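Here is how the chains run, residue by residue.
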Amino acid sequence: MKEEKNPKNKKNGMTIIEVVISFTIALILVMALYSIVYWGSTGFSDLNQKLIDIANSSIFIKTELTQNAGKYFYLEPIAGTEGQYILKMNANTPIYIK
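Criteria and cut-off values
Residues numbered from 1 in each chain as written. Predicted model: local features only at pLDDT ≥ 70, side-chain atom pairs only at ≥ 80, totals over all residues. Heavy atoms only, no water. Helix = DSSP H or I, 4+ residues; strand = E, 2+ residues; numbered from the N terminus. Buried < 20%, exposed > 50% of the residue type's maximum accessible area, 1.4 Å probe, protein only. Contact = heavy atoms within 4.5 Å. Areas by Shrake-Rupley, 256 points an atom, 1.4 Å probe, with all protein chains shown as cover. Patch = residues over 30% accessible without salt bridge, like charges linked within 9 Å, V, L, I, M, F, W, Y side chains within 5 Å. Salt bridge = Lys/Arg side-chain N within 4 Å of Asp/Glu carboxyl O.

Turning our attention to the overall build of the protein chain. Helices and strands together make up the secondary structure of the protein chain, namely two helices and two strands. Starting at the N terminus and ending at the C terminus, the protein chain contains elements arranged as α-β-β-α. In the protein chain, which comprises 98 residues, the proportion classed as buried is 4%. Partitioning the contacts of the protein chain with sequence separation of at least 6, the portion at a separation of at least 24 is 8%. As presented, the protein chain carries roughly 9400 Å² of accessible surface, and 66% of it is formed by carbon and sulfur atoms.

What follows is about a nonpolar patch on the surface. Among the surface-exposed residues, Ile17, Ile21, Ile25 and Leu29 lie close enough to one another that they form a single nonpolar patch of about 420 Å² accessible area. With a relative accessible area of 48%, Ile25 lands in the partly exposed category.

So, on to the pattern of salt bridges. In the structure shown here, the tally under the stated rule is one salt bridge. The closest approach of N and O atoms between Glu76 and Lys88, which form a salt bridge, is 3.4 Å. In this pair, Glu76 sits in strand β1 (residues 73-77) while Lys88 sits in strand β2 (residues 85-89), placing the two residues twelve residues apart along the sequence. Residue class for Lys88 comes out partly exposed when judged on its relative accessible area of 30%.

This part is about the environment of Pro77. With respect to the helices, strands and loops of the structure, Pro77 is situated in strand β1. The class of Pro77 is exposed, set by a relative accessible area of 54%. Along the chain, Pro77 and Leu87 lie ten residues apart, while their C-alpha atoms are 8.9 Å from each other. Residues within four places of Pro77 in sequence aside, it is in contact with Gln84 and Tyr85.

None of this, on its own, says anything about what the molecule does.
Next up, the structure:
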């Protein structure tokens, strides 16, 4: 024989305690996610700013060397060889760097 379910014992909805526990767990998870995103974003922005600073410095050095290489360096031919040179720095280069 098939047992019939008693509709009187059927539970409808959630109790107050279940709602409070669920809300507390959800609030803890949201706060944890917010703190992870917040601390991650501040750390990333510092790192990103350092990378931008390094990129800007390298662009400045590259531009300075390509436009003013004659102020800083010269090629000296190697004795006894044809077409080979040594890259040397000018003696007054520190004056130009200031």
